[in-house]
Amino acid sequence: AAVMKEYAEKAENPKLFFVIDGVEQLAADEERDLMRFIPDMKLRKVKIIFSCLDSFPLFGKKYKILNIVSLNENERMQVVEGILESERRSLAAPVILEMISRDASADPMYLSLLVQRLLMMDREDFAKINAKGGGMNEITNYQLELIKGCADDLAGLSEDILEAAIEKIGGAGVRTAVEYLS
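Residues numbered from 1 in each chain as written. Predicted model: local features only at pLDDT ≥ 70, side-chain atom pairs only at ≥ 80, totals over all residues. Heavy atoms only, no water.

Details of the overall build of the protein chain
Argument step 1. Helix and strand counts for the protein chain stand at nine helices and four strands.
Argument step 2. In sequence order, the secondary structure elements of the protein chain are arranged as α-β-α-β-β-β-α-α-α-α-α-α-α.
Argument step 3. In the protein chain, which comprises 182 residues, the proportion classed as buried is 34%.
Argument step 4. Restricting the contact set of the protein chain to residue pairs at least 6 apart, pairs at least 24 apart contribute 64%.
Argument step 5. Accessible surface, the protein chain: about 11600 Å² in total, of which carbon and sulfur atoms supply 54%. (Helix = DSSP H or I, 4+ residues; strand = E, 2+ residues; numbered from the N terminus. Buried < 20%, exposed > 50% of the residue type's maximum accessible area, 1.4 Å probe, protein only. Contact = heavy atoms within 4.5 Å. Areas by Shrake-Rupley, 256 points an atom, 1.4 Å probe, with all protein chains shown as cover.)

See below:
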């Protein structure tokens, strides 16, 4: 609770993401079975992302099923555009092309996290952009450098995002929470 309070106070546009990968691999108990039901989430600042095998049944009013082994370039583009649309955001074409050219971008979870990394940009990032001129080209170049600096695998990108969150939010509580998560 203390970490969430600290996040809500310091973040410019706080959001909460629950990402649970491989739900079917969790211990088969009542708590895991509760995850079979996905509530109808109308909150814009809370997102729940599950990954599981097709054989793990999910129940709920509204959820999207992505049953994809490996995305081709067109599907990668559609995933990025869909994520951006749901976030009511846009990115320059060169940024999207860099995202979908990454080896790990065949995984929709990787693309989702990469978009989230860009959405973490804050005042400090824009101050750096403004120091270089502050135009659209500078924003695009900054985002391209952010993407190029990210790991090209899901685990590494997750670590990159956690480290960026620690840096942006700060505080010993955040560092401790991230250490527990990783």
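Observations concerning the packing of helix α3 (residues 73-87) against helix α4 (residues 93-101)
How two helices pack is summed up by the angle between their axes together with the distance between the axes.
Argument step 1. Contact pair α3 / α4: the axes reach a minimum separation of 10 Å and the direction vectors enclose 125°. Classified by the angle their axes make, α3 and α4 are oblique. Crossing angle aside, the handedness with which α3 passes α4 is right-handed. Residues E73, R76, M77, V80 and L84 of α3 lie in contact with α4, whose contacting residues are I96, L97, M99 and I100.
Argument step 2. Residues of the contact of α3 with α4, tallied by class, amount to seven nonpolar, no polar and two charged. (Axes fitted to C-alpha atoms, helices over the stretch in contact; angles between N-to-C directions. Parallel < 35°, antiparallel > 145°, perpendicular 65-115°, else oblique. Left-handed = near helix turned anticlockwise from the far one by under 90°. Nonpolar A, V, L, I, M, F, W, Y, C, P; charged D, E, K, R; others polar.)

Points about the pattern of salt bridges
Argument step 1. Applying the stated criterion across every chain yields a total of three salt bridges.
Argument step 2. Put simply, R102 and D152 hold a salt bridge, and the shortest N to O gap is 3.7 Å. Of the two residues, R102 is situated in the loop between α4 and α5 (108-119) and D152 in the loop between α7 (136-149) and α8 (154-169); the sequence distance between them amounts to 50 residues.
Argument step 3. Residue classification places D152 among the partly exposed positions, given a relative accessible area of 31%.
Argument step 4. Of the charged contacts, one joins K168 and D125 as a salt bridge, the two residues approaching to 2.6 Å between their closest N and O atoms. Here the residue K168 occupies a position in helix α8, and D125 occupies one in helix α6 (residues 123-131), the gap between them amounting to 43 residues.
Argument step 5. Look at K168 and you get partly exposed, because its relative accessible area is 23%.
Argument step 6. Salt bridges linked by common partners bring D122, D125 and K168 together as one network. (Salt bridge = Lys/Arg side-chain N within 4 Å of Asp/Glu carboxyl O.)

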